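Breakdown of the fold
Listed below, chain by chain, are the residues.
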Amino acid sequence: MKNMTSRLLDCMTAGLFIIILICGAANAASTSIDPMSLGIGARSIAMGRTNVTAPGDINAIFVNPANAAYLENWGATSMYTSLLEGEMNYTMLGGATKYQGIGGGMCYLGGGATGLQTTTRDANSRVTASGNSFDYSNSTIAAAFGKELNDKLAAGGSLKMFSKSFSGQSSGTGFSLDLGLLYKLNSALTLGVAAQNVLPTGINWGTGVNEPVAMNLKGGLNYSLPNNFLVNADLDLMPFAAHAGVEWKPLPLLALRGGLENVPTGNSSSVMNLMAGIGLKINGLGFDYAYFNDGSLAVNSTHFFTLSFMPEMPKPKPVVSPAPSPAVVPVIAPAPAVSVPVVKPKAKTAAPKAVKKPAVKPKPKKK
Amino acid sequence: MKKITLMVLLFLLPAVAFAASSTNYSSPMSIVGAGGGNSSSSNYSGTSAVGASAVGKSVSANYIGISGGLGFSIYSGDTTPPVISNTQMDGKSLVSHDYIKKDGTLTATVTDETAIDIAASSVEVDGVAVTFANLTGSSSYNAATGALSYKLNITADGDHSISIRAVDTSGNTTIISQSLKVDTGDLKATSVYMYPNPFNPNHGAGVIAYQLSKDGDTSIYIFNMIGRLVYKRSFASGQAGAQAGYNEVSWDGKSDFGETLGNDIYFLRIVSGGKPIGRTKIAVIK
């Protein structure tokens, strides 16, 4: 029975990998951007936008849902950032919990910009504003779930709903699906893979156009080093991009982070972005900050803020173990003290040799 | 009776002669010392009656008039004003309030059905006029083709008035005048637009239009809604896209990966020296 269950899980795992690879191979040139590729959580941003492999991280479950399998408790999270010199602002709110071995959560990510102008040509054939303006907004709602399949493997899925709108012009809605796996190679190293937006459903616009949401295949690792160091690395395959980050916790409540990413920009060129940040956590309340340095245009550098809460699990009392002993020796109570004559057994000796007594001369009598 | 007849003949003879020999005039006819000819202008100047002529004066080769001691003259002539066309600065069309280079070259085609009076026609910059006859060096006027070329030599930043006054030999006048700007400070980009906006790449290429305060190395950056660079083009100072004044750059709505961008918002930056100097937002909607 146990072997059948194990085989079934292996088959499911293999099937999931195959699905992910097929989806990756079949990806056409997608055109609609997934707003969640912005990055979820200032911790992830500070560590180079790595979050494929972050077991138990409430923000990472919306990138690789398998991370939800390792949630320790319920929690809430939020994020705010302002991009492009304040022209595009994003807010994220989310929550997660774990119930009967399944971790799950939901989040909302919303962004907007105002003041787009319609244009026309004037009497001199010059382009000019026609006097009308409109606004833009997008929102994404994601529901993620993850479960441990065995003591090493976890899998998850996330359903996402997209909405994009230009006021007075057109709007579009759609949905897609993310799939993810985590594999704990050992206590220090965890590997992960996520396929994002694997469904060809896309976003349907009021103009009658359907556009697929950009599909992505991501792989990552999470490696714990001594002295509270953690290294994360992710690879995006569509298009290729590399992310890496490190976190050091000099104190239990303080984390220092740094990261970088190399992102292609087309025409055989790429841009390197640098990130840094800190995290504070006291009694489950967490504050994370990330600074993002835009390598393509310095003025676009910006900040990310995350506020989160997850009650800390009660820690088990430490057990003081006895002096190491290879075996357990039963202790036998000593016998009570009793005065017992000790009778020495006669020693068996050889028959004494006849000892000739020396002749004793009689004593002379006195006269 | 004979005297009366003679008087009538004296009055009628000029009219007959006039009718027989003038083939090139056109109405209206002006009488008695009224100014001969018409003047007209386009764009900004008002009209003015030009060329008051005393009795007996004729200045046109195209009319036949008789003025004499009888106290009036009847004549008609060229009343068509000169034509000023193809006005450009450094090869680009001009509109009032455009930026220009302080040493830019103004060109135009100045023609007339008769002839341009090069002593009366002039280019005027901030009230200082130089007649066509006195154009030298890089500046010239070719009477045969009507090609006018005038090299500016503006020394101060700010708004400047530039006019072309064309006068034909009949005294007809055409004036065009523009208020243009010179800015030799840091490069600026204004009036940055995407046309059309919203933009549908499936309907053909659009244009990115902007004014530059002077020639300068310029780049166009386009970012998507998560701040990722998707398109970049650079232009060297003086080339199309990096010239003082109005610039238009064609864009087909594709990223540098060759993919047509999806329906979404995009953020355009005009960049010079690593800093954005102009901005606009683009809506791609198919």
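As the structure is a prediction and not an experimental result, all values here were calculated from the model.

This part takes up the nonpolar core. In this structure, Met88, Phe166 and Phe304 of chain A together with Ile265 of chain B are the most contacted members of the largest nonpolar core, which totals 48 residues. Ignoring sequence-local partners within four residues, the contact set of Met88 of chain A consists of Thr81, Ser82, Leu83, Gly111, Gly112, Ala113, Tyr136 and Asn138 of chain A together with Met225, Ile265 and Phe267 of chain B.

To continue, consider the packing of aromatic side chains. Scanning all chains against the criterion turns up eleven aromatic pairs over all chains. Between Tyr136 of chain A and Phe166 of chain A the ring centres are 5.1 Å apart and the planes differ by 50°, which places this aromatic pair in the tilted class. Note that Tyr136 of chain A is positioned in strand β4 (residues 127–148) and Phe166 of chain A in strand β5 (residues 153–166), a separation of 30 residues in sequence. For Tyr136 of chain A, a relative accessible area of 3% puts it in the buried group. Centre to centre, the rings of Phe292 of chain A and Phe304 of chain A are 6.5 Å apart; their planes meet at 80°, and the pair counts as edge-to-face. Residue Phe292 of chain A is found in strand β15 (residues 285–293), and its partner Phe304 of chain A is found in strand β16 (residues 302–309); the two are separated by twelve residues along the sequence. One exposure class covers both Phe292 of chain A and Phe304 of chain A, and it is buried. Clustering of aromatic rings is evident, with ring pairs tying together Phe134, Tyr136, Phe166 and Trp205 of chain A. Its guanidinium or amino end placed over the ring of Tyr99 of chain B, Lys181 of chain B lies 4.5 Å from that ring's centre, counting from NZ or CZ.

A separate point is the layout of surface pockets. Take a probe with the size of a water molecule and roll it over the atoms, and the empty space left behind shows itself. Residue and element names in this part refer to chain A. By volume, the largest pocket amounts to about 1,400 Å³. In terms of lining, the largest pocket is formed by 43 residues, of which the most central are Arg43, Pro55, Glu72, Lys249 and Lys281. Where the lining of the largest pocket is concerned, the elements lending two or more residues are β1 (75–83), β10 (216–225), β11 (229–237), β12 (240–251), β13 (254–266), β14 (269–282), β15 and β16. In terms of residue class, the lining of the largest pocket is made up of 19 nonpolar, 13 polar and eleven charged.

Before going further, it helps to examine the pattern of salt bridges. Taken as a whole and assessed by the stated rule, the structure comprises 20 salt bridges over all chains. Asp34 of chain A is the salt-bridge partner of Lys160 of chain A, the closest N and O atoms lying 2.5 Å from each other. A residue pair is termed long-range when its members are at least 10 positions apart, and Lys160 of chain A in strand β5 and Asp34 of chain A in the loop between α1 (2–25) and α2 (42–46) qualify at 126 residues. Take Lys160 of chain A and Asp34 of chain A: they sit in the same class, and that class is buried. Glu87 of chain A serves as the salt-bridge partner of Arg269 of chain B, at 3.0 Å between the closest nitrogen and oxygen. Placement of the pair is Arg269 of chain B in strand β18 (residues 264–272) and Glu87 of chain A in the loop between β1 and β2 (88–99), with the two residues belonging to separate chains. On the accessibility criterion, Arg269 of chain B (0% relative accessible area) is buried. Given the relative accessible area of 19%, Glu87 of chain A is considered buried.

Conventions adopted
Residues numbered from 1 in each chain as written. Chains lettered and ligands numbered in written order. Predicted model: local features only at pLDDT ≥ 70, side-chain atom pairs only at ≥ 80, totals over all residues. Heavy atoms only, no water. Core = buried A, V, L, I, M, F, W, Y, C linked by side-chain atoms within 4.5 Å. Buried < 20%, exposed > 50% of the residue type's maximum accessible area, 1.4 Å probe, protein only. Contact = heavy atoms within 4.5 Å. Phe/Tyr/Trp six-rings, centres within 6.5 Å; stacked < 30°, edge-to-face > 60°. Helix = DSSP H or I, 4+ residues; strand = E, 2+ residues; numbered from the N terminus. Lys NZ or Arg CZ within 6 Å of the ring centre and 35° of its normal. 1 Å grid on protein atoms, 1.4 Å probe; cavity = no way out; pocket = protein on both sides within 12 Å on 5 of 7 lines; lining within 4 Å. Points joined across faces, edges and corners; volume = space filled by probe spheres on them. Nonpolar A, V, L, I, M, F, W, Y, C, P; charged D, E, K, R; others polar. Salt bridge = Lys/Arg side-chain N within 4 Å of Asp/Glu carboxyl O.

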